[in-house]
Amino acid sequence: MYGPYRSIAGRLRGAAASILMATVAATGWAAAPDAPVPAAVAAAARRNITQHALEAPIRFLASDALEGRGPGSRGDELARLYLQSELEGLGFIPAFAGGAWQQPFDIVGLTGHFPAQWTFRAAGGDVGLAWNDDYIAASGQQRERVAISDAELVFVGYGIQAPEFQWDDFKGIDLTGKILVMMNNDPDWDPNLFAGKRRLYYGRWDYKYKSAARQHAAGAIILHTTPSAGYPWQVVQSSWGGEQFELPEAGTEPTLRVQAWATEDALRRLFKAAGQDLDALLAAARSRDFRPVPLGIRTSLEFTNTLTHVKTANVGGVLPGSDPRLAAQLVVLSAHHDHFGVGAPDASGDRIYHGAEDNASGCAQVLSVARALAELPKRPRRSVLALFVAGEERGLLGSAYYAAHPSVPAGRLAANVNIDGGNIFGRTRDVTLISSGKSSLDAVVSRIARWQGRRVEPDQFPDRGYYYRSDQLSFARIGVPAIFLDAGTDFVGRPAGWGKEQIEQWELTHYHQPADRLDGTWNFDGMVDDARLYMMATWLIAQGDALPTWKRGDEFEAARRAALAAAKRD
């Protein structure tokens with residue numbers, strides 16, 4: 001065994017050690033003593049992952065010509081053709097059955113036409129909530145006309161049922177036909193309860209609506225605050241105010257008639273009219289003993305939907321592996337290619353939601369990593385799937401569809417390296433591992449980051465639930481461990497706190513807005529570092545004798561066991 005690999009393996013354990021030791025069997029390339037990968041791999045990363053290699057795809061994908069890459073649009077089709085052509089030019093082969101580069105699927109577009117004022121009746125008089133300023137809503141059903149008649153509002157705290165935490169906000173009460181008002185997070189005051197400040201899936205809006213639907217409620221209203229959501233009200237407006245897209249209803253699960261958000265100020269006015277104290281209710285909800293509270297408020301609501309039926313597609317190409325035994329397994333390198341298309345104008349009059357950082361930058365990083373892997377003297381042992389998924393912004397639609405219809409059985413998907421966004425502010429001394437603490441892949445990231453002279457930090461905004469907000473969640477649900485990074489916050493040459501300030505300001509003024517466009521303020525140095533890390537991590541995973549594993553007791557460990565067992569039967 002070449003000396004550096006012996007010393008590396010001696011410092012690592014489990015799957016990470018297996019990954020690094022397997023490089024000896026796969027290649028005879030030399031590496032610097034502390035390098036996590038052979039010299040040829042690091043050199044390929046340096047040659048192929050540069051500012052120019054990243055900037056050019058971003059410029060095209062975020063251009064006005066692609067009109068925001070809304071699902072099913074002309075811009076969506078052009079983006080898919082571009083990504084497919086790039087993969088073909090790199091020597092990848094089609095990922096899907098029949099030699100197809102794309103995995104098409106149907107989506108349903110719903111544009112809800114809601115009243116300018118939603119009226120509620122309480123003992124203290126009627127209260128009207130204004131569309132856009134006070135409330136935003138979307139249809140929960142794929143029907144042209146939806147109506148709710150004289151429904152009672154019930155406050156249900158967090159709206160969570162979590163047996164593993166002995167938590168049930170519903171207490172068996174019949175909530176059929178009610179409109180449930182709930183908080184947009186999970187209990188966060190105890191590190192031994194719902195992971196403390198780290199938001200779990202229980203704190204996500206999509207869980208809330210599904211939870212309310214399981215109670216056979218007519219609708220749900222989520223109380224929005226910027227701290228509890230992790231983003232300001234304008235993100236709700238831009239994300240929910242226009243056409244929504246869904247996979248076609250299967251008819252196997254209950255649905256709400258209306259899925260709504262409301263501002264804190266609006267709900268305070270509404271609760272006050274009913275003689276209810278919002279602060280007192282929020283405090284009462286911080287207990288396992290909480291029971292649903294009828295609010296003495298009733299409402300009726302009618303609205304119509306304009307329904308459209310369109311197709312979009314995932315794009316995928318495979319770099320075949322070199323190992324006869326392991327090539328049947330895939331390391332999935334993913335990024336979503338969609339954004340919000342054309343919508344409400346900003347102050348400048350721009351109506352195109354360009355999606356440059358989110359997520360043209362992710363697509364560019366996947367392409368640059370794919371290029372670096374394709375030019376290696378010897379291909380990785382496992383195959384690598386470069387996958388550009390559709391409809392992420394509309395609820396992880398493309399990755400959910402792929403997870404339900406994978407190109408190989410889920411037990412043969414070794415890992416997912418998902419890229420959603422990029423660092424546009426400069427080089428950092430750290431890198432944020434959103435997926436920290438969940439799998440053996442942590443050690444892979446740590447080793448590479450250390451070699452880069454950086455430290456690995458866990459999620460630096462743990463209350464925002466980032467792990468559950470991008471496509472790695474779809475893979476996790478079928479048992480596939482993932483690497484999911486975010487930009488660091490300790491920027492070279494900047495004072496302490498500068499990074500978090502920049503990120504939060506950008507989210508306020510650019511996130512899910514037309515302003516997310518490529519301009520001269522972008523500094524690509526940090527994005528280059530991160531993309532090179534992604535490339536080396538992908539290579540290491542592809543080399544390992546053993547598959548990556550979830551940490552014992554992780555919420556997705558059982559899904560992995562089931563997927564591996566099913567793969568053995570195939």
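For the structure, check the block above.
Quick summary incoming for the structure in this document.

So, how was this worked out
Residues numbered from 1 in each chain as written. Predicted model: local features only at pLDDT ≥ 70, side-chain atom pairs only at ≥ 80, totals over all residues. Heavy atoms only, no water. Salt bridge = Lys/Arg side-chain N within 4 Å of Asp/Glu carboxyl O. Helix = DSSP H or I, 4+ residues; strand = E, 2+ residues; numbered from the N terminus. Buried < 20%, exposed > 50% of the residue type's maximum accessible area, 1.4 Å probe, protein only. Core = buried A, V, L, I, M, F, W, Y, C linked by side-chain atoms within 4.5 Å. Contact = heavy atoms within 4.5 Å.

Here we come to the pattern of salt bridges. Opposite charge on two side chains permits pairing when their charged atoms draw close. Applying the stated rule across the entire model yields 27 salt bridges. The salt bridge involving R269 is made with D134; its shortest N-O contact spans 3.1 Å. Taken together, the residues R269 in helix α9 (residues 264-273) and D134 in the loop between β4 (125-130) and β5 (135-139) connect sequence positions 135 residues apart. Judged by its relative accessible area of 38%, R269 is partly exposed. Judged by relative accessible area, which is 12%, D134 ranks as buried. Note that D530 is salt-bridged to R454, the shortest N-O span being 2.9 Å. One end of the pair, D530, is in helix α16 (residues 525-543); the other, R454, is in the loop between α13 (441-451) and β20 (455-458), and 76 residues separate them in sequence. What makes R454 buried here is its relative accessible area of 6%. Three or more residues are tied together by salt bridges with common partners; here these are R429, R455, E457 and D490.

Okay, the nonpolar core next. Generally speaking, soluble globular proteins have nonpolar side chains that are buried together. The biggest cluster of nonpolar side chains holds 91 residues, and the ones touching the most others in it are L180, W261, I483 and M535. Top element by residues in this core is α16. It accounts for twelve residues. With residues up to four places along the chain from it excluded, the contact list for M535 reads V41, A44, A45, I49, V369, A372, L373 and L376. In this structure, M183, A273, F290 and L301 belong to the second largest nonpolar core, which totals 60 residues.

Remember, this is a structural readout, not a statement about activity or role.
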